[in-house]
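# Chains, contacts and geometry: an overview
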Amino acid sequence: MTAQSPDVRRDRPIGYWIKHIDRAVEEDFARLLAAEGLNRRAWQVVNTLAQAPATGPRLDAALAPFLTADEPTVAPYADALAARGWAVRTAGVYALTAGGTEAHTRIAALVRAARARIVDGLTADDYAELLRLLQRVAANLGVEDAGE
């Protein structure tokens, strides 16, 4: 890197920073979750089921912002959690088992620690302002709150 590099990085547009941060956050969480034998989608299913048991369609609705044409349902993740012994499916309703609840508690603590590390150095006011500004940018682009 040259002495000029820091100025060049500071002058990059918002799209660069959003992509750069998104990619880094995704990679960080992928590493954390891989150590637990999960990926981001499976974690989202565990986290959703930790709130309350749910049918497959209810899980899909809760995680709809993350579904794609290539991945239109989270049912395979819920089924994999059941095969792992972390969830059971009874009468079409998925629920965490004791093992799934224990795993959720353990992994949620790791996720909280990762999120805290990501915003290290920001005050509570800084963080609130950052979210407010990002929400304004999203609104300017016509993006509705995805609910997560």
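A brief report on the enclosed structure follows. Residues take numbers from 1 onward in each chain, read along the sequence in its written order. Whole-chain, interface and lining totals are the exception, using all residues; otherwise, since this is a predicted model, local features are given only for residues with pLDDT of at least 70 and side-chain atom pairs are given and counted only at 80 or more. Based on all heavy atoms of the structure, the side-chain values leave hydrogens and waters out of the count.

## Describing the overall build of the protein chain
- In this description a helix means any DSSP run of H or I spanning at least four residues, a strand means any run of E spanning at least two, and both kinds are numbered starting from the N terminus. Counting its secondary structure elements, the protein chain contains seven helices and three strands.
- When the backbone C-alpha atoms are referred to their principal axes, the protein chain occupies close to 60 × 35 × 30 Å.
- Expressed as a percentage of its 148 residues, the buried residues of the protein chain come to 26%.
- The contact criterion used throughout is that any non-hydrogen atoms of two residues lie within 4.5 Å. Residue pairs in contact within the protein chain that sit at least 24 positions apart in sequence constitute 55% of those at least 6 positions apart.
- Note on areas: these come from Shrake-Rupley sampling with a 1.4 Å probe, and a residue is covered only by the protein chains present in the view. Counting only carbon and sulfur atoms, one obtains 58% of the accessible surface of the protein chain, whose full area is about 9900 Å².
- Residues scored as charged are limited to Lys and Arg (positive) and Asp and Glu (negative), so that His and the chain ends carry no count. Positions of charges follow a simple convention, taking NZ of Lys, CZ of Arg, CG of Asp or CD of Glu. Between the centroid of the 17 positive side chains of the protein chain and the centroid of its 19 negative side chains there is a distance of 2 Å. To sort residues, take the accessible area from a 1.4 Å probe on protein chains only and compare it with the maximum for the residue type: under 20% means buried, over 50% means exposed, and anything in between is partly exposed.

## Regarding the sheet that holds strand β3 (residues 93–96)
- The strand order across the open sheet formed by three strands is β1-β3-β2, and the pairing between neighbours is antiparallel. Among the strands making up the open sheet, the edge pair consists of β1 (54–55) and β2 (87–90).
- What makes two strands pair is DSSP finding at least two bridges between them. Pairing between β1 and β3: two bridges, direction antiparallel. When the sheet's bridge partners are listed, Ala54 is paired in β3 with Tyr94.
- Fitted lines through C-alpha atoms serve as axes, helices being fitted only where they are in contact, and the angles separating the N-to-C directions of these axes extend from 0 to 180 degrees. Against the sheet, helix α3 (residues 40–51) touches β1, β2 and β3, its axis set at about 90° to β3.

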